[in-house]
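Descriptive structure summary
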Amino acid sequence: MAGNGNENADGDFSFSAAAARDALPRITTEKGAKSADVCHDDTAPRVNFQTIDELHSLQKKRSAPTTPLKEGGGVVMGTSGPTTPSSGETMLQSVSASLASLTRETGPKLIRGDPTSAAKVAHVPHTPTSVPAADVSDSGLKFTHILHNLSPAELYEQAIKYEKGSFVTSTGALATLSGAKTGRSPKDKRVVKDETTASELWWGKGSPNIEMDEQTFLVNRERAVDYLNSLDKVFVNDQYLNWDPENRIKVRIVSARAYHSLFMHNMCIRPTPEELENFGTPDFTIYNAGKFPCNRYTHYMTSSTSVDINLGRREMVILGTQYAGEMKKGLFGVMHYLMPKRKILSLHSGCNMGKEGDVALFFGLSGTGKTTLSTDHNRYLIGDDEHCWSDAGVSNIEGGCYAKCIDLSREKEPDIWNAIKFGTVLENVVFDEHTREVDYNDKSVTENTRAAYPIEYIPNSKIPCVGPHPKNVILLACDAFGVLPPISKLDLAQTMYHFISGYTALVAGTEEGVKEPRATFSACFGAAFIMLHPTKYAAMLAEKMQAQGATGWLVNTGWSGGSYGAGSRIKLAYTRKIIDAIHSGSLLNATYHKTEIFGLEIPNEVEGVPSEILEPMNAWEDKEAYKDTLLKLAGLFRNNFETFTSHKIGDDGKLTEEILAAGPNF
Ligand SMILES: Nc1ncnc2c1ncn2[C@@H]1O[C@H](COP(=O)(O)OP(=O)(O)O)[C@@H](O)[C@H]1O
Ligand SMILES: C=C(OP(=O)(O)O)C(=O)O
Ligand SMILES: [Ca+2]
Ligand SMILES: [Mn+2]
C-alpha cells in the first residue's frame, strides 16, 4: 500500500492522525497497487457531449414502442396529417377524433408530449388548408399536447410540478387531494334514456339511473370537450377492462390531471407495448373535465356536478368532481350493462382463490370488507371489487385495487400496507410535513381516505386475474345494529333474498345528521352501479350458484354485543378466522342451530372464535334491547323488500316463492 492512506475492508480510505499532521500527502487511488503509479485524474473515458444540453440529452434513452415518436421529431395531428401515419400518428388521429367537437368538422390539433419539452421537438408541418374566415377560431388554431399512457414516474413528475397538493410520501406513494369531492356523487349521476335504454334499463323507484336526454348529454359532452381542448395538455389512457380475453373492453380515459391518469393506470388493465401499438378505436371513452363544473342552467342539472353515461354513444362525461373513484365505478356501471347482454354476470364483489383452486366471492357495500378480506396472505387475490362470472369461471374487470386506508395498520392488513409504495396513489391522507410519514388515523380531510395500486403490488395476486367457478359466495354486511350473527349459512333462497336486499348500515358520524345506525339497502350489494333490474342479476346468480353447487354465507363484519355506540365492532382477526373456516370447508360440516325471525343457521363452533359471540343475543347484556333491535331491523328488511314482491326471479316460479319466504318471519 503506497502513500499515507489506510485502506479499510470496504476499500475506503481513512487517514491516520499522524499523517494528517504532516504536509498534505499524495494520495494514490489505485487499490492494492502493484506498481508505484501516481494518481491519474485525467484517465476518464472521453465524453460524448460538448454542452450541458447534450449531456442532459444522454440521460434519457429512447423507449420504443411505448413512446413511438418518429425519429428526430414529434408528431402533430390536426386538420391534416401525414400521408402514411406511424403508430404514434395513428394514436394522435384516434385521440383527435375522440376530442373532436361535435359542432366543428375536425378534431383539435394535437402534439404528443409535454408542452415544456415540445419546443425541442420538430413538428411535422401541416399543409395549410383554406377555411372560410367565419369558421376560423382561436381554439381551432391552438395545439393541445397529448400525454398518452405516461409511465408512473412521468406522471409523478407531472403531478408534483403542476398539481397543487401532490407529494411523495415516506414510502414512495403519490399523495394527492381529490378536491371538494372526497366521495362519489350518486345523486348527480345521469343516464341517457333513448329508445333502447328506455326498455332495457331499470328506471324509477329505487333505481340509480336518473334519466337525461341525448341532447342534454351532448351539451355536457361539448362542455367537457371544449374545456379539455382549451388546456395546454390533456392526459389520455388507453387501457382494458376484464381479464377474460374474449370479453375484454377497450377504454380510453381523457383527463386533465396526472392524478387521474395514474389512478386509472393503476385501476384498469395495463396494455403491453405491443397491445398499445395496435390499440385502435376504444369501445368506451370517458371525458373527465374534473373541476370544471356543469352549467346549472342545463336541463336535468341540480348541482355543479354531473356524471353522465351514454350507452348508445359509449361515452361518459364527468363535470364538477375530481373524485377519481367516479371513473372506476362509472366503468363498472357500463360493464353491468354490457356483460349481461353476453350472458355474463357482473358482480360487485372481491374474489380470491385457495391453493386447491377453490374460489370465493365477497359481496358487500362500501366499507363492509371486500378489499380487506379478499386480500388474504394465504390465498391468491383475483380482485378486490369488480368481477365477471361467465360460463368459463370468474374474471376480474380491473387491474388494480382501491383500498380504504382509514386506521390502516401494518399488523392487521400487512399486504395492503406494503402495497403503498412507489406508483400507488394515496388520496386525501394527512402526512407529516417533514418526514412525509402518513398518519392513517387522521380524518382531517375525509374519513374516505384511499389507496389505489396495481394488483401485482399484492404479493400473492393471481395474474392473469381469472379463476374457476366459485365454491363459496360470501355476503358481507356491516350491521351496526349488532343483531346479525357474525356468521350464518344460507340456503339458495336466503342467499337470493339477502343479495337482492343488499343490507348494510351507516353509522353515526359518517354522514351529517346520522345520530343512530341507519340501515341502507342497496340491491345486489351495489344498486348505485347496476343498470338492469336487480332481479335480472339475481336470476343469473341463482342459476350459476345452483349449477356449480356454490354455498352462500352471510358474514356480519359490523357490531356485536350491542348497537354502534354500546357494542363493539367484531374483531377483524375473528372475521378472518370465520372466513378461513368457510374456505377450508370445515364450516360446511359444522353443527348448526336456527335463529328466530331471520331463520339463519348459526354454527355452534368456529375454530379460533369465542363461542359467546356466535349467537348475537349472548353477546348483548340487555336481552330485551336485543329483541327490540332485531325486530326493528326485521321490519326494515320487510319494508325494503316490498318493491320486489311483485317481480318474478328467473323462469322458476318456485324459486321466486321461496325467496319471498326467505325473509324475516315475525
Ligand atoms: N371485522 C371486520 N371485517 C372486515 N373489515 C373490518 C373489520 N373490522 C374493521 N374493519 C375495517 O373495515 C374496513 C373495510 O373496508 P374495505 O375492505 O375497504 O371495504 P369494501 O372493499 O367492501 O368497500 C377496513 O378499513 C377494515 O380495516
Ligand atoms: C370506490 C368505491 O368502492 P368501495 O367502497 O366498494 O371500495 C365506491 O363505492 O366509491
Ligand atoms: Ca425518451
Ligand atoms: Mn373495496
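Residues numbered from 1 in each chain as written. Chains lettered and ligands numbered in written order. Predicted model: local features only at pLDDT ≥ 70, side-chain atom pairs only at ≥ 80, totals over all residues. Heavy atoms only, no water.

**Topic: the pairing of strand β4 (residues 109-112)**
Stated formally: Partly exposed residues are those whose accessible area sits between 20% and 50% of the maximum for their type, while under 20% is buried and over 50% is exposed, using a 1.4 Å probe and protein chains only. Comment: elements are numbered from the N terminus, with helices defined as DSSP H or I runs of at least four residues and strands as E runs of at least two. Pairing between strands requires that DSSP locate at least two bridges from one strand to the other.
What you see with β4 is no split at all: Lys109 and Ile111 on one side and Leu110 and Arg112 on the other are buried throughout. Here 4 bridges tie β4 to strand β5 (residues 143-148), and the two strands are oriented parallel to one another. Bridging across to β5, Arg112 finds its partner in Ile146.

**So, the sheet that holds strand β22 (residues 425-427)**
Basically, it comes down to this: Working rule for contacts: check all heavy atoms of both residues, and any pair within 4.5 Å makes them a contact. Every axis corresponds to a line fitted to the C-alpha atoms, with the helix fit spanning only the stretch in contact, and the corresponding angles, defined between N-to-C directions, vary from 0 to 180 degrees.
Spatial ordering of the open sheet is given by β6-β7-β22-β25-β21, a layout of 5 strands whose pairing is mixed. Bordering the open sheet on either side are β6 (167-168) and β21 (400-404), each of which pairs with just one other strand. By the bridge criterion, 3 bridges tie β22 to strand β25 (residues 450-454) in an arrangement that is antiparallel. For Leu426, the partnering residue across the bridge sits in β25 and is Ala451. Lying over the sheet, helix α9 (residues 258-267) contacts β7 (174-176), β21, β22 and β25, oriented at roughly 120° with respect to β22.

**A word on the site of ligand 1**
Operational definition: Here, proximity means that at least one heavy atom of the residue falls within 4 Å of the molecule or strand. What qualifies as a polar contact is a pair of N or O atoms within 3.5 Å, subject to a donor-acceptor requirement within protein and to the restriction that residues adjacent in sequence count only when both atoms come from side chains. Each accessible area is a Shrake-Rupley estimate made with a 1.4 Å probe; only the visible protein chains count as cover when residues are assessed. Polarity classes work like this: nonpolar for Ala, Val, Leu, Ile, Met, Phe, Trp, Tyr, Cys and Pro, charged for Asp, Glu, Lys and Arg, and polar for all others, with Gly in that last group.
Residues in close proximity to ligand 1 total 16 residues, the closest being Gly367, Lys370, Thr371, Glu413 and Ile570. Between an oxygen atom of ligand 1 and a main-chain N or O atom of Gly367, the distance comes to 2.8 Å. Taking 570 Å² as the accessible area of ligand 1 by itself, protein coverage stands at 90%. Broken down by element, the shell around ligand 1 gets its largest block of residues, 3 residues, from helix α12 (residues 370-374). When its residues are assigned to classes, the shell around ligand 1 shows 3 nonpolar, 8 polar and 5 charged.

**Considering the environment of Pro25**
Assignment of secondary structure puts Pro25 in the loop between α1 (17-21) and α2 (52-59). The spacing of Pro25 and Lys577 is 552 residues in sequence and 69 Å in space, taken between C-alpha atoms.

**Digging into the side chain of His348**
Following the sequence through the fold, His348 ends up in the loop between β15 (345-347) and β16 (349-353). Within the local environment of His348, its side chain forms a polar contact with the side chain of Asp385, the two groups lying 3.2 Å apart. Looking at His348, its side chain comes within polar contact range of the main-chain oxygen of Phe525, at 2.6 Å. In this structure, His348 is in contact with Lys329, Phe332, Phe362, Phe363, Gly364, Lys370, Asp385, Phe525, Gly526 and Phe529, ignoring residues within four places of it in sequence.

**Let's talk about the domain arrangement of the protein**
Put simply, the test is: Start and end points for every domain follow an automatic or database-based domain assignment. Note on terms: buried area is the combined drop in 1.4 Å-probe accessible area of two parts once they are placed together, counting the loss on both. Throughout this description, the term salt bridge denotes a Lys or Arg side-chain nitrogen within 4 Å of a carboxyl oxygen of Asp or Glu.
Under the domain assignment used here, the protein contains domain 1 (1-39), domain 2 (76-128 + 138-148), domain 3 (169-341) and domain 4 (349-384 + 469-661). In this structure, domain 2 and domain 3 have C-alpha centres spaced 23 Å apart. Both faces considered, domain 2 and domain 3 share a buried interface measuring about 1,700 Å² in area, 50% of it formed by carbon and sulfur atoms. The partner of Lys233 in a salt bridge is Asp114, and the shortest N-O contact between them spans 3.9 Å. Here domain 2 and domain 3 share 15 residue pairs in polar contact (both at pLDDT 80 or more) between them. Secondary structure elements with two or more residues in the side of domain 2 that touches domain 3: α3 (87-98) and β5. Tallying contributions element by element places β5 first for the side of domain 2 that touches domain 3, with 6 residues. Classifying every residue of the side of domain 2 that touches domain 3 by side-chain character gives 9 nonpolar, 8 polar and 3 charged.

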